[in-house]
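Chains, contacts and geometry: an overview
Listed below are the residues making up each chain.
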Amino acid sequence: MGFPLVILFVFLGRSLTLEGSGNGINEYIGESNWGIFSDHPEIWSRAVSQIFFSLGTTFGIMTAYGSHCKRNEPAFLNSCVVALSNSMFSFISGFAVFATLGHLAYLEGLDSVADLEYSSFGLVFGSWPVALGTLPGGQHWIRLFFIMLFMLGIDSAFSFMEAFLTVLHDTKLFHDVDRKRASLVLTACAFLLSTLYATDAGLVFLDSVDYYINFVIIFVGFVKCVAAGWVYKIETQIKCLGSKIVFVYIATTFGSVLLACAMWFGVGNAAAGFFGLFISYAMGIAYVGYLMKKKMHEDPTRTWSGMLFDLTMGNVMKLREDLVSSVGHIP
């Protein structure tokens, strides 16, 4: 990753000196339009899927890399370092890109960066070469830029390959398969599938896959959170509290959110959605409280605080306890 960092700071230094760069940076961090989050709600899912993709979350990449770490490796600290480094790289890159877009808007006589017809891959290929091309020996800097893109692409391929191989070797069927042969087969399959993107319709295929994979990775992330926060050790939770309390609480939590979403997006009224969320959740929790009170009558040793903790945080804290023995400190 050292080479991309060097290119980034060269790009940043040059773009900040270009005419009109200040206007671009002002539109990057100087102006706020919070209404866009309600006017275009798809921004939320795109932002989540982008950070998931950037970090490798839900792809199994971090899990695969983590499996090569020593036991008791500080997983929490490593996670913070990876996440903060990734976000910092993206934040700094934004300055470089918007400074260059401000320069392009200046050259074309436009009032705003938003008037530029750049998006997706055009944003990369339309901004970086412009700034690097203004340096002495600019064509060589542009060549280095494309070498950097190639290296980043190969680096991503390594990551996906490692995740796939780790999953395969964790199964009984492929546990004894030679890693080199498995890598060769996977690489050949990936190469054949990727030829689609080398055709004239490559960008169309890429946009289509990118659009639908966004929903997949968000769904996988949601399922993982449910598994960690609700499903893990649920049999112990049921044994402790009873199945009725546990499942009514789960139905209340998820059902109220689904009802609120249906009212919000179906009726088109955010206030109706929040009202539905509050009423349905309050009714469900009231019923859970009634069931807990009956449980305490059956077992006088039970307390409100103890049962509430077991219901809301019991399985999560059990997961934390089981993980601490392997990955070190977890807050």
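Everything numeric in this text was worked out from a predicted model, so none of it was measured. (Residues numbered from 1 in each chain as written. Predicted model: local features only at pLDDT ≥ 70, side-chain atom pairs only at ≥ 80, totals over all residues. Heavy atoms only, no water.)

1. Quick look at the overall build of the chain
Stated formally: Numbering of helices and strands runs from the N terminus; a helix is a DSSP stretch of H or I covering at least four residues, while a strand is a stretch of E covering at least two. Computation of the radius of gyration draws on C-alpha atoms alone. For the globule rule, the value is 2.2 Å times the number of residues to the power 0.38. The cut-offs for exposure are 20% and 50% of the maximum accessible area for each residue type, with area from a 1.4 Å probe on protein chains only; residues under the lower value are buried, those over the upper are exposed, and the others partly exposed. Every residue pair with non-hydrogen atoms within 4.5 Å of one another is taken to be in contact. All accessible-area figures derive from a Shrake-Rupley calculation using a 1.4 Å probe, and residue coverage is judged against the displayed protein chains alone. Charged residues are defined narrowly, with Lys and Arg counted positive, Asp and Glu counted negative, and His plus the chain ends left uncounted. Note that the charge is assigned to NZ on lysines, CZ on arginines, CG on aspartates and CD on glutamates.
A count of helices and strands for the chain gives 15 helices and zero strands. On C-alpha atoms alone, the chain measures out to a radius of gyration of 26 Å, which is more than a quarter above the 20 Å that the 2.2 N^0.38 rule sets for 331 residues. Per-residue burial over the chain gives 27% buried out of 331 residues. In the chain, once contacts between residues fewer than 6 apart in sequence are set aside, the share between residues at least 24 apart is 65%. Accessible surface computed for the chain: about 21,500 Å², of which carbon and sulfur atoms make up 69%. Measuring between centres, the 19 positive side-chain charges of the chain sit 18 Å from its 24 negative side-chain charges.

2. A closer look at the pattern of salt bridges
Selection criterion: When a carboxyl oxygen of Asp or Glu lies within 4 Å of a side-chain nitrogen of Lys or Arg, that pair is called a salt bridge.
Tallied over the entire structure, the rule returns four salt bridges. The residue D299 makes a salt bridge to R302 at a minimum N-O spacing of 3.6 Å. A relative accessible area of 27% places D299 in the partly exposed class. Within this structure, K318, E321 and D322 form a network of salt bridges that share partners.

3. A closer look at a nonpolar patch on the surface
As a reminder of what qualifies: Residues form patches when they are more than 30% accessible in relative terms and have no salt bridge. Like charges link within 9 Å. Nonpolar side chains (Val, Leu, Ile, Met, Phe, Trp, Tyr) link within 5 Å.
A cluster of nonpolar side chains, contributed by M62, Y65, V82, I147, F150, M151, I154 and F158, occupies part of the molecular surface with about 750 Å² of accessible area. Among the elements that take part in the nonpolar patch, helix α8 (residues 138-169) stands out by supplying five residues, more than any other. Following the sequence through the fold, Y65 ends up in helix α5 (residues 61-66). Exposure remark for Y65: the relative accessible area of 35% places this residue in the partly exposed category.

4. Structural notes on the environment of F98
When you line up the elements, F98 lands in helix α6 (residues 75-107). Here the alpha-carbon distance between F98 and L16, two residues 82 residues apart in the chain, equals 9.4 Å. Discounting residues that sit within four places of it in the chain, F98 has contacts with S21, G24, I25, Y28 and V113.

5. Some details on the packing of aromatic side chains
Stated formally: Under the pairing criterion, centres of Phe, Tyr and Trp rings, with the six-membered ring standing for Trp, must be within 6.5 Å; the plane angle then separates stacked pairs below 30 degrees from edge-to-face pairs above 60, leaving the rest tilted.
Throughout the structure, instances matching the rule amount to 14 aromatic pairs. Aromatic pair F53 and F160: ring centres 6.3 Å apart, planes at 40 degrees, arrangement tilted. In this pair, F53 sits in helix α4 (residues 42-55) while F160 sits in helix α8, placing the two residues 107 residues apart along the sequence. On the basis of relative accessibility, which here comes to 47%, the residue F53 falls in the partly exposed class. Seen in terms of ring centroids, F91 and F95 are 5.0 Å apart; in terms of plane orientation they differ by 85 degrees. Their pairing is edge-to-face. One end of the pair, F91, and the other, F95, are both in helix α6, four residues apart, so they sit about a helical turn from each other.

6. Focus on the packing of helix α1 (residues 2-15) against α6
Quick reminder of the rule: To obtain each axis, a line is fitted to C-alpha atoms, and for helices this fit is confined to the stretch in contact; angles are then taken between N-to-C directions over 0 to 180 degrees. Roughly parallel means an angle under 35 degrees; roughly antiparallel means over 145; roughly perpendicular covers 65 to 115; every other angle is labelled oblique. Should the near helix be turned anticlockwise from the far one by less than a right angle, the crossing is left-handed, and should it be turned clockwise, the crossing is right-handed. Only Asp, Glu, Lys and Arg are considered charged, only Ala, Val, Leu, Ile, Met, Phe, Trp, Tyr, Cys and Pro nonpolar, and every remaining residue, Gly among them, polar.
At their nearest, the axes of α1 and α6 sit 8 Å apart, and the two run at 40 degrees to each other. Between α1 and α6, the angle is such that the two are oblique. For the element pair α1 and α6, the recorded crossing hand is left-handed. Contacts between α1 and α6 pair L5, L8, F9, F11, L12 and S15 from the former with F89, I92, S93, F95, A96, V97, A99 and T100 from the latter. Here the residues of the contact of α1 with α6 are counted per class, giving 11 nonpolar, three polar and no charged.

7. Focus on unusual backbone geometry
In this model, T58 sits at a positive phi of 70 degrees, which is unusual for a non-glycine residue. In this fold, T58 is placed in the loop between α4 and α5. A relative accessible area of 14% places T58 in the buried class. A positive phi angle, close to 60 degrees, is found at K233, a residue other than glycine. Structurally, the position occupied by K233 is in the loop between α10 (202-231) and α11 (234-241). Residue classification places K233 among the partly exposed positions, given a relative accessible area of 29%.

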